[in-house]
Amino acid sequence: MSEELSELLKVRRDKLAEIRAAGINPFPYTYEKTHTAAEISAEYKENDEVSIAGRIMTKRGHGKASFAHLQDETGRIQIYCRQDIIGEAKYEIYAKLDIGDIIGVKGHIFKTKTGETTVKVADFTILCKSLHPLPEKWHGLQDKELRYRERYVDLMVNAEVREVFKKRSRIVSLIRHSLENKGFLEVETPILHVLQGGAAAKPFETYHEALDMPLFMRIAPELYLKRLVVGGFEKVFEMGRVFRNEGISYKHNPEFTIIEIYQAYADYNDVMRLTEELITTAAKEVLGTLEIEFKGEKISLALPWKRITLVDALKEYGIEIEGKSEKEIQELAVAKGLKDYAKASAGKIINVLYDKYVEANLRQPTFIIDHPLATSPLAKKHRSKEGYVERFELIIAGMELANAFSELTDPIDQLDRFESQAEAKAAGDDEAESMDEDFLRALEYGLPPTGGVGIGIDRLVMLLTNQPSIRDVLLFPHMKPLPRSKPSEAETEILA
RNA sequence: GACCCGGUAGCUCAGCUGGUAGAGCAUCUGCCUUUUAAGCAGAGGGUCAUGAGUUCAAGUCUCAUCCGGGUCACCA
């Protein structure tokens, strides 16, 4: 708190003191409400007695009477308070209430001249004195920085924002229930990892004091979930937060929510169908349609979704790599202006070319399938194509929504892949997988044929709620701290 | 990390080629017992993100820094 309070803050603190001086607790403990705003609007009956509670969002005083709107989680309801009903002393307190205060109201329902269902205040109780003024009633809170930093205000004032997060909750719930109905078991695996693995990404590092050891925040739950399939859980999934130490953009936040699903005795074709089903079911239930609009663009989620191999997708954008040797592909990279990749592996170059020339152009739902072996260390070799794996990525509106494989189940092959990853790591690739001996041991016990998929929940929610940035579907997106806040002791210690 | 745009009252925004800061809402005072962007009359409220510089004079021009947004790069 700054020493110098602005006039507006001072006024509210003075009012708080007045309330206390009048012997009223401005922060009481409970309140018994009988109705919500939505219930009253829907089941309106003249003269019904109700008890409601909510935040004052508008206020119109008329001398000895006053209108206001209370907002609860379900919506707004008008209240009408008259001095001759509640008495002079109480009305004086009522008149001093501010927009933003939370009150409970008991009274009878009536309809005003203009036909609005309204509660006539017989009694009211202050439930929380608000000390900050709310944003303007007409324009609300627009400033993006403030909206993200003070999401609580954003939610109070912007109904559309509340809707987005309600939809997010429904989407998550629908996916969870779809999987439960199919016999999948929801599990939780460690978030603090000893090794870096399960995805190509840079982890956040942390430290366990008592054990005196470094730890990584997980970048994916993949390797633990496959251990569970080894253990005999044939259908498992985990929905949870993962952490990746990379840049921030409209589709990247350092922590995000992923759902990973593993099904024994299935391959990537099965998992592709499952992915289609989960997403279209959620879309139908939440939006009532598969024809959606995202950032002004029409996208059809109607099945079936296009499937095309990565090599063919490149060909569609004028990049021919079929039958080319590694050397020729390196030359192609240089010709395309990717000078840094003159000595990279063919697989790496193919991925970069794909990222650069193909992905952003894929607008309608598309499964890109059969990726190069070199960049897919956890995927099973393709059953018929040398040098490729059985893998797909789902792209919608230029965003990667899902990534999946026929999981690599051969422990000898997995060891080879880890060894190549170790070489890459030694050569400076800080996203390479760690050698995970326990995971290899699990595979040696035997992982049945398994299909696995990871779906980015935040991006899916963006798509289904037509939100242009991942920040708009995260309640508290990552923000740099403002300069005035001084670092905590812990931060000072770490930075020292 | 590079480039572009932005930061002015609690909120939403004006502020021209440099001349000393404005509106609406909100707040305060008075009037007002069916209003709803209530109304009428009056008042208060600003380190113009921060710090330097140019200038007689800077919200405005220059540089640096911070925060945010966007594009690209990085990135599954």
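Remember, predicted model here, so these are calculated numbers, not experimental data.

## A word on the overall build of chain A
Working step 1: Counting its secondary structure elements, chain A contains 16 helices and 18 strands.
Working step 2: Taken over the C-alpha atoms alone, chain A extends approximately 90 × 55 × 50 Å along its principal axes.
Working step 3: Every one of the 496 residues in chain A was classed for burial, and the buried ones make up 47%.
Working step 4: For chain A, contacts bridging at least 24 residues in sequence account for 64% of all contacts bridging at least 6.
Working step 5: Here chain A displays about 25600 Å² of accessible surface, and carbon together with sulfur accounts for 52% of that area.

## Brief notes about the sheet that holds strand S2 (residues 65–72)
Working step 1: One closed barrel holds the 5 strands; their spatial order is S1-S2-S3-S5-S4, and the pairing between them is mixed. Between one strand and the next, the sheet's axes are offset by a mean angle of 55°, whatever the strand orientation.
Working step 2: Across the sheet, helix H4 (residues 88–95) is in contact with strand S1 (49–61), S2, strand S3 (75–82) and strand S5 (117–128); its angle to S5 comes to roughly 80°.

## A look at the pairing of strand S11 (residues 255–264)
Working step 1: Within S11, 9 of the 10 residues are buried, leaving the element largely enclosed by the surrounding structure.
Working step 2: Of the pairings in the sheet, the one linking strand S10 (residues 235–243) to S11 comprises 9 bridges and is antiparallel in character. Across the sheet, Lys235 pairs through a bridge with Gln263, a residue of S11.
Working step 3: By the bridge criterion, 7 bridges tie S11 to strand S18 (residues 450–456) in an arrangement that is antiparallel. Within S18, the position partnered with Tyr262 by the bridge is Gly452.

## Re the nonpolar core
Working step 1: By size, the foremost hydrophobic cluster in this structure holds 47 residues, and its most contacted members are Leu179, Ile259, Ile261, Leu301 and Phe392.
Working step 2: In contact with Phe392, other than residues within four places in its own chain, are Tyr268, Val271, Met272, Thr275, Phe367, Ile368, Ile369, His371, Ala402, Asn403, Ala404 and Val453.

## Concerning the packing of helix H13 (residues 411–426) against helix H14 (residues 437–446)
Working step 1: Two elements in contact, H13 and H14, have axes separated by 9 Å at closest approach and are oriented at 160°. Looking at the two axes, H13 sits roughly antiparallel to H14. Classified by chirality, the crossing of H14 by H13 is right-handed. Contact residues: Pro411, Gln414, Leu415 and Phe418 in H13; Phe439, Leu440, Leu443 and Glu444 in H14.

## Things to note about the protein's contact with RNA strand B
Working step 1: Around RNA strand B, the structure places 55 residues, and the nearest of them are Thr114, Lys137, Glu145, Ala200 and Arg391.
Working step 2: Near-protein atoms of RNA strand B (within 4 Å) split between backbone and bases, with sugar and phosphate holding 57%.
Working step 3: Here a base nitrogen of RNA strand B sits 3.1 Å away from a polar atom, N or O, in the side chain of Glu7.
Working step 4: Here a sugar or linking oxygen of RNA strand B sits 2.8 Å away from a polar atom, N or O, in the side chain of Lys113.

## Things to note about the environment of Asp143
Working step 1: With respect to the element layout, Asp143 can be found in the loop between S5 and helix H5 (144–149).
Working step 2: Distance in space between the C-alpha atoms of Asp143 and Ala266 is 48 Å, their sequence separation being 123 residues.

## Details of the domain arrangement of chain A
Interface size is often expressed as the accessible area that is lost when the parts come together.
Working step 1: Entries for chain A in the domain assignment read domain 1 (3–134) and domain 2 (157–317 + 358–473).
Working step 2: A separation of 48 Å is found between the C-alpha centroids of domain 1 and domain 2.

## Considerations on the sheet that holds strand S16 (residues 391–396)
Working step 1: Taken in spatial order, the 8 strands make up an open sheet running S6-S10-S11-S18-S17-S16-S15-S14, and their pairing is mixed. Of all strands in the sheet, those bounded by a partner on one side alone are strand S6 (185–186) and strand S14 (306–309).
Working step 2: Contacting S10, S11, strand S17 (399–406) and S18, helix H8 (residues 222–230) runs over the sheet at an angle of about 25° to S11.
Working step 3: Together, S11, S14, strand S15 (366–369), S16, S17 and S18 form the strand contacts of helix H9 (residues 268–287), whose direction differs from that of S16 by roughly 25°.

## Remarks on a negative patch on the surface
Working step 1: A cluster of acidic residues, Asp410, Asp416, Glu419 and Glu423, forms a negative patch at the surface.
Working step 2: Examined against the element boundaries, Glu419 turns out to sit in helix H13.

## Examining the packing of aromatic side chains
Working step 1: Applying the stated criterion across every chain, the model contains 7 aromatic pairs.
Working step 2: A ring pair is formed by Trp305 and Phe367, whose centres lie 5.8 Å apart and whose planes are at 40°; its orientation type is tilted. In this pair, Trp305 sits in the loop between strand S13 (297–300) and S14 while Phe367 sits in strand S15, placing the two residues 62 residues apart along the sequence. In this pair, the class of Trp305 matches that of Phe367, namely buried.
Working step 3: Here the aromatic cluster, defined as three or more aromatic residues joined through ring pairs, consists of Phe67, Tyr80 and Phe110.
Working step 4: Lying across the ring of Tyr224, Arg227 places its NZ or CZ 4.7 Å from the centre.
Working step 5: The cationic tip of Lys336 hangs over the ring face of Tyr357; the distance from NZ or CZ to the ring centre is 4.9 Å.

## Looking at unusual backbone geometry
Working step 1: Here the bond from Leu303 into Pro304 is cis, since omega is -5°, no more than 30 degrees from zero.
Working step 2: With a phi close to 55°, Asp212 is a non-glycine residue in the positive phi region.
Working step 3: In this structure, Asp212 sits in the loop between strand S8 (205–208) and strand S9 (213–217).
Working step 4: Assessed through its relative accessible area of 56%, Asp212 is described here as exposed.
Working step 5: Phi at Asn466 takes a positive value of approximately 55°, unusual for a residue other than glycine.
Working step 6: With respect to the element layout, Asn466 can be found in the loop between helix H15 (457–465) and helix H16 (489–495).

## A word on the confidence of the model for chain A
The predicted structure's coordinates, where accompanied by low pLDDT, should not be read in detail.
Working step 1: Looking at chain A as a whole, the pLDDT averages 92, with 96% of positions reaching at least 70.
Working step 2: Interface confidence for the predicted complex, given as ipTM, is 0.92, next to a pTM of 0.93.

## Notes on the UniProt feature "binding site: Mg(2+) 2" (unreviewed entry) in chain A
Working step 1: With numbering aligned to this structure, UniProt lists the feature "binding site: Mg(2+) 2" (unreviewed entry) at Glu400.
Working step 2: As for its placement among the helices and strands, Glu400 is situated in strand S17.
Working step 3: A relative accessible area of 25% means that Glu400 is categorised as partly exposed.

What counts as what
- Residues numbered from 1 in each chain as written.
- Chains lettered and ligands numbered in written order.
- Predicted model: local features only at pLDDT ≥ 70, side-chain atom pairs only at ≥ 80, totals over all residues.
- Heavy atoms only, no water.
- Helix = DSSP H or I, 4+ residues; strand = E, 2+ residues; numbered from the N terminus.
- Buried < 20%, exposed > 50% of the residue type's maximum accessible area, 1.4 Å probe, protein only.
- Contact = heavy atoms within 4.5 Å.
- Areas by Shrake-Rupley, 256 points an atom, 1.4 Å probe, with all protein chains shown as cover.
- Pairing = 2+ DSSP bridges.
- Axes fitted to C-alpha atoms, helices over the stretch in contact; angles between N-to-C directions.
- Core = buried A, V, L, I, M, F, W, Y, C linked by side-chain atoms within 4.5 Å.
- Parallel < 35°, antiparallel > 145°, perpendicular 65-115°, else oblique.
- Left-handed = near helix turned anticlockwise from the far one by under 90°.
- Near = heavy atom within 4 Å.
- Polar contact = N/O pair within 3.5 Å; in protein donor to acceptor, adjacent residues only side chain to side chain.
- Domains from an automatic or database assignment.
- Patch = residues over 30% accessible without salt bridge, like charges linked within 9 Å, V, L, I, M, F, W, Y side chains within 5 Å.
- Salt bridge = Lys/Arg side-chain N within 4 Å of Asp/Glu carboxyl O.
- Lys, Arg positive; Asp, Glu negative; His and termini not counted.
- Charge placed at Lys NZ, Arg CZ, Asp CG, Glu CD.
- Phe/Tyr/Trp six-rings, centres within 6.5 Å; stacked < 30°, edge-to-face > 60°.
- Lys NZ or Arg CZ within 6 Å of the ring centre and 35° of its normal.
- pLDDT = per-residue confidence, 0-100.
- UniProt positions renumbered as here; feature names shortened; annotations may be inferred.

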